[in-house]
Amino acid sequence: MKSTPKIFNIRYKASFESLTANNHIKIWMAKPLNSECQKINNFSISHTPKKTYKDGQGNEILYFEFINTKKIEIKMEIQAELWKQKIITQNNAAVISKIYPKSIKRFLKNENFLEQKLEIKNLAFKIAGKEKLDLDKIKTIFDFITKNFKYCYPIEKRVVKYLDLNGLKGDCGEYSSLFVTMCRILKIPAKNQTGFVIFPKKKKIAEHGWASVYLKPNGWLDMDTQYASLEKNETATKKYFARRNDYRIIFTTGFNVPLKPRIPKKFNLSYWNKLGLPLTHNSVQTLQPIVFVSKNKIEFKDNIKII
């Protein structure tokens, strides 16, 4: 069941200034698309991308390239119609069905950053293995993570395989990654979502990552273990389990977003590595909503706001 939609106008701006001559800058940006709780009414961007492509997870990526340009400013303006959401009925959502279309099956697999290593498999089955209904399995995992995870930022090493299962700590990405991995181990489709939470009264917008699980007949339902963990009460569980209790805009679905074209070897990845964002020459963990590399040094600034 969805609430009455609310329309938001959002502006994202990124600026680049080359500190040396003969620079070469490559930029990838995620374009927000229509999904269960968002409809993009209008989208505009100040520069024409050199290339656009889809990654198979439901993302559309815009690629830009600038050579020997001293200053660059890219503005992205979005009018988004957003809904809150809650589960329709728990009985219906608990229907067990392991027959999924190909587009859903991809969110069951073992992949980078969501490694289904033996220790996590054992823990998932220990926590939820006795439950028969998918919804009950998900709830058991959700409760375990919200009770045992501690918020921590910055992260020294991202990726589920590096988590200390005896002392769980991390930021929103780590919370949701463990949740997604454990759901997949139990054959429940799950995916990471990255975007922004909107606070209309304060006119603020905050970066965030959370999870979604697929349950028939409801489709994709939000699960926010980190927000529930920070509030640590039964009301919080009701607010963030199988529902979207606030307004959110998604920029990227899933992890391991391919970068096309690949990053040449001479380009420096240190900016993102220092921030703890896993980035290789072929892919990035996620886009939020931008990734860039340059041949020589640049100054970079960005901001996002409600207008």
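Residues numbered from 1 in each chain as written. Predicted model: local features only at pLDDT ≥ 70, side-chain atom pairs only at ≥ 80, totals over all residues. Heavy atoms only, no water.

A.B. asks: Run through the side chain of Arg 158, naming residues and quoting values.
C.D. replies: Topologically, Arg 158 is positioned in the loop between β8 (150-151) and β9 (169-170). A polar contact of 3.4 Å, which involves the side chain of Arg 158, links it to the side chain of Glu 174. (Helix = DSSP H or I, 4+ residues; strand = E, 2+ residues; numbered from the N terminus. Polar contact = N/O pair within 3.5 Å; in protein donor to acceptor, adjacent residues only side chain to side chain.)

A.B. asks: Let's hear about the sheet that holds strand β4 (residues 51-54): which residues, and what values?
C.D. replies: Strand-to-strand pairing in sheets goes through backbone hydrogen bonds, with the strands running parallel or antiparallel. With antiparallel pairing, the 4 strands of this open sheet are ordered in space as β4-β5-β2-β17. For this open sheet the edge positions go to β4 and β17 (290-294), each flanked by a neighbour on one side alone. Neighbour-to-neighbour, the strand axes of this sheet turn through a mean angle of 20°, independent of strand direction. Sheet topology places strand β2 (residues 24-31) next to β17; 5 bridges connect them, and they run antiparallel. (Pairing = 2+ DSSP bridges. Axes fitted to C-alpha atoms, helices over the stretch in contact; angles between N-to-C directions.)

A.B. asks: Talk me through helix α4 (residues 134-148); I want residue IDs and the actual numbers.
C.D. replies: Its 15 residues place the ends of α4 21 Å apart at the C-alpha level, agreeing with the 21 Å of an ideal helix rising 1.5 Å per residue. Here α4 has its buried residues at Asp 134, Leu 135, Lys 137, Ile 138, Ile 141, Phe 142, Asp 143, Ile 145 and Thr 146. (Expected span 1.5 Å × (residues − 1). Buried < 20%, exposed > 50% of the residue type's maximum accessible area, 1.4 Å probe, protein only.)

A.B. asks: Please give an account of helix α5 (residues 172-185) that cites residues and values.
C.D. replies: Taking 1.5 Å of rise per residue, 14 residues should cover 20 Å, and α5 covers 20 Å from first to last C-alpha, within 8% of that figure. The buried fraction of α5 amounts to 14 of the 14 residues, a majority that puts the element mostly inside the structure. Lys 187 lies just past α5 and shows a positive phi near 65°.

A.B. asks: Let's hear about the state of the cysteines: which residues, and what values?
C.D. replies: All told, the structure shown has 0 disulfides when counted by the stated rule. Of all cysteine sulfurs in the structure, the one in Cys 183 sits closest to Cys 37, which takes part in no disulfide; the separation is 18 Å. A residue is classified by how much of its surface remains accessible, and Cys 37, at 2% relative accessible area, is buried. Sulfur of Cys 152: no disulfide; nearest cysteine sulfur belongs to Cys 172 and is 12 Å away. (Disulfide = S-S within 2.5 Å.)

A.B. asks: How would you sum up the nonpolar core? Please name residues and give values.
C.D. replies: Counting residues in each nonpolar core, the largest one holds 46 residues, and the members touching the most others are Phe 16, Ile 27, Trp 28, Ile 249 and Leu 279. Sorting the residues of this core by element identifies β1 (6-18), β2, β5 (60-67), β6 (71-82), β10 (190-199), β14 (247-253), β17 and β18 (298-306) as the ones contributing at least two each. Sorting elements by how many residues they give to this core places β6 first, with 6 residues. Core analysis: the next-biggest nonpolar cluster, separate from the first, contains 40 residues, Leu 114, Ile 141, Tyr 240 and Ala 242 among them. (Core = buried A, V, L, I, M, F, W, Y, C linked by side-chain atoms within 4.5 Å.)

A.B. asks: I'd like a description of the sheet that holds β18, backed by residues and values.
C.D. replies: Read from one edge to the other, the open sheet built from 4 strands follows the order β3-β6-β1-β18, with strand pairing classed as antiparallel. The open sheet terminates on both sides in strands that have one partner only, identified here as β3 (38-45) and β18. Taking each pair of neighbouring strands and ignoring which way they run, the sheet shows an average axis angle of 15°. Direction of pairing for β1 relative to β18: antiparallel, over a ladder of 9 bridges. What sits directly across from Ser 15, in β18, is Lys 301.

A.B. asks: Kindly report on a nonpolar patch on the surface, identifying the contributing residues and their values.
C.D. replies: Together, Tyr 151, Tyr 153 and Leu 230 line one region of the surface with nonpolar side chains, adding up to about 350 Å² of accessible area. Here Tyr 151 shows up in strand β8. (Patch = residues over 30% accessible without salt bridge, like charges linked within 9 Å, V, L, I, M, F, W, Y side chains within 5 Å. Areas by Shrake-Rupley, 256 points an atom, 1.4 Å probe, with all protein chains shown as cover. Salt bridge = Lys/Arg side-chain N within 4 Å of Asp/Glu carboxyl O.)

A.B. asks: Describe the packing of α4 against α5, with residues and values.
C.D. replies: With their axes 10 Å apart at the nearest point, α4 and α5 run at an angle of 150° to one another. In terms of orientation, α4 and α5 fall into the roughly antiparallel class. In the packing of α4 onto α5, the handedness of the crossing is right-handed. Between α4 and α5, the contacting residues are Ile 138, Ile 141, Phe 142 and Ile 145 on the first element and Tyr 175, Leu 178, Phe 179, Met 182 and Cys 183 on the second. Of the residues belonging to the contact of α4 with α5, the class tally is 9 nonpolar, no polar and no charged. (Parallel < 35°, antiparallel > 145°, perpendicular 65-115°, else oblique. Left-handed = near helix turned anticlockwise from the far one by under 90°. Contact = heavy atoms within 4.5 Å. Nonpolar A, V, L, I, M, F, W, Y, C, P; charged D, E, K, R; others polar.)

By themselves, these are just geometric observations and shouldn't be taken as functional.
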